[in-house]
Amino acid sequence: MTNKINYLLPDLCDAYPDVIQVVDPIFICFGACESFGGVITTIKCFEDNSLVADAVKEDGEGKVLIVDGGGSTRCGLLGDNLAKEAVANGWEGIVVYGCIRDVDIINKLNLGVKAINSNPKKSVKQGVGRRDEPVLFGSVGFNPGEFAYGDNNGLIVSRIALETYNPL
């Protein structure tokens, strides 16, 4: 696993105002990694984390998993076991438009996590959902292959990799 880059979103917003979109401030920060960024891969699911379980088993180096759970707060779509799997496979961060669970353990893991809230109830596992399609929440579209960056200030999306972008 590579060393994680420390992203400072206020600085990125100042440096690249024409290429970023700021996601509405609807998320709580979890995980021990205070900032994260990488290529977007998406999952759209509703109260079923089967595709999340599959995704975290894949190589996640340089990637951010965006989970559109429809904003449901009725169950957790990410728990400690899946978060540990994500860390083991190098995922940079996970954003859940829904809830997570096992927050005390997740908060100790070297992973950036954002979610609406927490809920101790587990999700169903019926294999329902879609992978790597554009999703929309927080007033921003998340497109696979674009980039997401998060820190304690919020979450932004960019169509280009900001750490390599030179506006001059």
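Details of the structure are given in the entry above.
Residues numbered from 1 in each chain as written. Predicted model: local features only at pLDDT ≥ 70, side-chain atom pairs only at ≥ 80, totals over all residues. Heavy atoms only, no water.

Caption draft 1: Focus on the overall build of the protein chain. Tallying secondary structure elements over the protein chain gives 4 helices and 11 strands in all. Here the C-alpha atoms of the protein chain give a radius of gyration of 15 Å, agreeing with the 15 Å that 2.2 N^0.38 yields for 168 residues. Structurally, the protein chain occupies a C-alpha span of about 50 × 30 × 25 Å along its principal axes. Classification of the 168 residues of the protein chain by burial places 50% in the buried group. Residue pairs in contact within the protein chain that sit at least 24 positions apart in sequence constitute 75% of those at least 6 positions apart. Of the accessible surface of the protein chain, which amounts to about 8,000 Å², a share of 49% is contributed by carbon and sulfur atoms. Between the mean site of the 15 positive side-chain charges and the mean site of the 22 negative ones, the protein chain shows a separation of 9 Å. (Helix = DSSP H or I, 4+ residues; strand = E, 2+ residues; numbered from the N terminus. Rg over C-alpha atoms; globule rule 2.2 N^0.38 Å. Buried < 20%, exposed > 50% of the residue type's maximum accessible area, 1.4 Å probe, protein only. Contact = heavy atoms within 4.5 Å. Areas by Shrake-Rupley, 256 points an atom, 1.4 Å probe, with all protein chains shown as cover. Lys, Arg positive; Asp, Glu negative; His and termini not counted. Charge placed at Lys NZ, Arg CZ, Asp CG, Glu CD.)

Caption draft 2: View of the packing of aromatic side chains. Under the definition given, this model contains 4 aromatic pairs. Each ring, one from Phe-27 and one from Phe-137, has its centre 6.0 Å from the other, and the planes form 70 degrees; the classification is edge-to-face. You can see Phe-27 sitting in the loop between strand E1 (20-22) and strand E2 (28-30) and its partner Phe-137 sitting in strand E8 (residues 135-137), a full 110 residues away along the chain. Residue classification places Phe-27 among the buried residues on the basis of a relative accessible area of 16%. Overall, the relative accessible area of 3% leaves Phe-137 in the buried class. (Phe/Tyr/Trp six-rings, centres within 6.5 Å; stacked < 30°, edge-to-face > 60°.)

Caption draft 3: Helix H3 (residues 80-88), seen in detail. Every buried residue of H3 is accounted for by Asp-80, Leu-82, Ala-83, Ala-86 and Val-87. All buried residues of H3 lie within an arc of 165 degrees about the axis, which places them on one face of the element. Facing away from the buried side of H3 by over 90 degrees, the exposed positions are Asn-81 and Ala-88. Lining the buried residues of H3 we find helix H2 (50-55), strand E5 (93-100) and helix H4 (103-106). (Arc of directions from axis to C-beta.)

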